[in-house]
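As a plain string of letters, each chain reads:
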Amino acid sequence: MKISIDAGHNCTPDGGAIGIKREDPLTKEVVGKIINKLQNTTTKIIDCTPYGQAFSNVGQSLQYRCSKANQSNSDLHLCIHFNAGGGEGVECYVTSQTAKNYAIKICNEIALLGYGNRGVKDGSHLFVVKNTNMPCVLVECAFIDSTKDMSMYNADLIANAIIKAVTGNLIPGNSVIAAFQAACNLSGITDKYGNKLVVDGVRSDLTSSALAKVILKKGTSSNLVKWLQTRLITLGFPCGSGGADGIFGASTLVAVKNFQAKNKLVVDGTVGTNTLNKLLD
Ligand SMILES: [Zn+2]
């Protein structure tokens, strides 16, 4: 299955709603989680959001998303939004029956998290829903101005709910975290009780307790260094001609420092708790 997706707003002059929280970072976070969780699965996902771009008007931002989705030839397009205006809960907008079938499941899965279920509505007045060639569901995950909704807000859980509704699969965790857990086990890093980690991709207390023991610096060789290099390379920080060879040398040091600078961390070239937490986001 191929899914195209866009995080509502997130560009100029197409800014999202502002309530107790801001819509832009929330839609971006949920979309980021969905993309992350679907990496290395059979579902292909294409992000159609023009993050940070500037357009002359909102219509151009919406047209950009439609064009990108239509070019991707996806089976389904998802628009992720948060609602405002004094309600509570999830609702979806569609035009086709196929989209409606997905939308009913999305509403049900998000409602299982505790949000009210406002159901599936006619989306024929919505530009992206109307102008995408494939079935399209615009998801208003929850209300940005509802105290109840915002106190429950958890991007991971909403992403899991949408993935389960659309693919039928429950993605319990994240492949990056699962790879980190496996690397800890291979490198002899245990949890606070001295046990190996369960490789489930979930950032549990036990995983955090193992993470707190990890320090990687120049001269270290281990499976964790290999994981670190793989992660850095994926994020666009090349680790030299050796690639992910498990040896923390000069090129890996440069990559770590660049990653730290880009993420406003202390640029010391040592990978400890703060840098690891950022790498796992
Ligand atoms: Zn919106």
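Only a predicted model underlies this, so the values are computations on that prediction, with no experimental measurement involved. (Residues numbered from 1 in each chain as written. Predicted model: local features only at pLDDT ≥ 70, side-chain atom pairs only at ≥ 80, totals over all residues. Heavy atoms only, no water.)

### Some details on the overall build of the chain
Alright, step 1. Of the regular secondary structure elements, the chain holds 11 helices and six strands.
Alright, step 2. Along the first, second and third principal axes, the C-alpha set of the chain runs to 60 × 40 × 35 Å.
Alright, step 3. Considering the chain as a whole, with its 281 residues, one finds that 46% of them fall into the buried category.
Alright, step 4. At a minimum sequence separation of 6, the contacts of the chain that also span at least 24 residues come to 70%. (Helix = DSSP H or I, 4+ residues; strand = E, 2+ residues; numbered from the N terminus. Buried < 20%, exposed > 50% of the residue type's maximum accessible area, 1.4 Å probe, protein only. Contact = heavy atoms within 4.5 Å.)

### Comments concerning the domain arrangement of the chain
For an interface, size is often stated in terms of accessible area lost upon the parts coming together.
Alright, step 1. Domain annotation for the chain reports domain 1 (2-167) and domain 2 (175-279).
Alright, step 2. For domain 1 and domain 2, the distance between their C-alpha centres works out to 32 Å. (Domains from an automatic or database assignment.)

### Brief notes about the coordination of the zinc ion
Alright, step 1. Ligation of the zinc ion by protein atoms is provided by His9 (NE2), Glu23 (OE) and His81 (ND1), these donors lying 2.1 Å from the ion.
Alright, step 2. When the donor residues of the zinc ion are listed from N- to C-terminus, their spacing reads H-x13-E-x57-H. With Glu23 in helix H1 (residues 23-38) and His81 in strand S3 (residues 76-83), this residue pair connects regions lying 58 residues apart in the sequence. Like Glu23, the residue His81 is buried in the burial classification. (Donors = N, O, S within 2.8 Å, 3.2 Å for Na, K, Ca; no water.)

### Remarks on the environment of Val30
Alright, step 1. Structurally, the position occupied by Val30 is in helix H1.
Alright, step 2. Sequence-wise, Val30 and Ser4 are 26 residues apart; in three dimensions their C-alpha atoms are separated by 14 Å.
Alright, step 3. When sequence neighbours within four positions are dropped, the list of residues in contact with Val30 reads Ile80, Phe82, Tyr153, Ala155, Ile158, Ala159 and Ile162.

### As for the packing of helix H7 (residues 175-187) against helix H9 (residues 223-234)
Alright, step 1. Put simply, H7 and H9 touch, their axes get as near as 7 Å, and they point 155° apart. Viewed along their axes, H7 and H9 adopt a mutual orientation that is roughly antiparallel. On H9, the residues touching Val176, Ala179, Phe180, Ala183, Cys184, Leu186 and Ser187 of H7 are Asn223, Leu224, Trp227 and Arg231. (Axes fitted to C-alpha atoms, helices over the stretch in contact; angles between N-to-C directions. Parallel < 35°, antiparallel > 145°, perpendicular 65-115°, else oblique.)

### Side note on the packing of helix H3 (residues 97-111) against helix H6 (residues 155-167)
Alright, step 1. Following both chains from N to C, one finds H3 and H6 inclined at 145°, their axes separated by 8 Å at the closest point. At the point where H3 passes H6, the crossing takes the right-handed sense. The residues of H6 that touch H3, namely those facing Tyr102, Lys105, Ile106, Glu109 and Ile110, are Ile158, Ala161, Ile162, Lys164, Ala165 and Val166.
Alright, step 2. Taken together, the residues of the contact of H3 with H6 break down into eight nonpolar, no polar and three charged. (Left-handed = near helix turned anticlockwise from the far one by under 90°. Nonpolar A, V, L, I, M, F, W, Y, C, P; charged D, E, K, R; others polar.)

### Regarding the side chain of Ser61
Alright, step 1. Along the polypeptide, Ser61 turns up in helix H2 (residues 58-72).
Alright, step 2. The class of Ser61 is buried, set by a relative accessible area of 0%.
Alright, step 3. At a separation of 2.6 Å, a polar atom in the side chain of Ser61 contacts the side chain of Asp14.
Alright, step 4. Excluding residues within four positions of it along the chain, Ser61 makes contact with Cys11, Asp14, Pro50 and Phe55. (Polar contact = N/O pair within 3.5 Å; in protein donor to acceptor, adjacent residues only side chain to side chain.)

### Re the nonpolar core
Alright, step 1. Core analysis: the largest hydrophobic core is formed by 37 residues, its most contacted members being Leu78, Phe82, Ile106, Val137 and Ile162.
Alright, step 2. The set of elements that each furnish at least two residues to this core consists of strand S1 (2-7), H1, S3, strand S4 (90-94), H3, strand S6 (136-143) and H6.
Alright, step 3. In contact with Ile162, not counting residues within four places along its chain, are Val30, Ile34, Leu78, Ile80, Ile106, Ile110 and Cys141.
Alright, step 4. The next biggest cluster of nonpolar side chains, apart from the first, holds 28 residues, and it includes Ala183, Leu197, Phe259 and Leu265. (Core = buried A, V, L, I, M, F, W, Y, C linked by side-chain atoms within 4.5 Å.)

### Quick look at H6
Turn by turn, an α-helix covers 3.6 residues, leaving residues three or four places apart pointing in a common direction.
Alright, step 1. Over its 13 residues, H6 extends 18 Å from the first C-alpha to the last, a length consistent with the 18 Å expected when each residue adds 1.5 Å.
Alright, step 2. Where H6 is concerned, the buried positions are Ala155, Ile158, Ala159, Asn160, Ala161, Ile162, Ile163, Ala165 and Val166.
Alright, step 3. Where the residues of H6 are buried, they touch S1, H1, S3, H3 and S6.
Alright, step 4. The N-cap residue of H6 is Asn154: its side-chain oxygen and the backbone nitrogen of Asp156 are 3.0 Å apart.
Alright, step 5. Downstream of H6 by one or two residues, Gly168 has phi in the positive range, about 80°. (Expected span 1.5 Å × (residues − 1).)

### Thoughts on the pairing of S1
The side chains of a regular strand alternate, residue by residue, between the two faces of the sheet.
Alright, step 1. Counting buried residues in S1 gives five out of six residues, a clear majority hidden from the surface.
Alright, step 2. Two strands pair when backbone bridges link them, and S1 and strand S2 (residues 44-47) are joined in this way by four bridges, in the parallel orientation. Following the sheet pairing, Lys2 is matched in S2 by Lys44.
Alright, step 3. Of the strand pairs in this sheet, S1 and S3 are connected by five bridges, and their pairing is parallel. (Pairing = 2+ DSSP bridges.)

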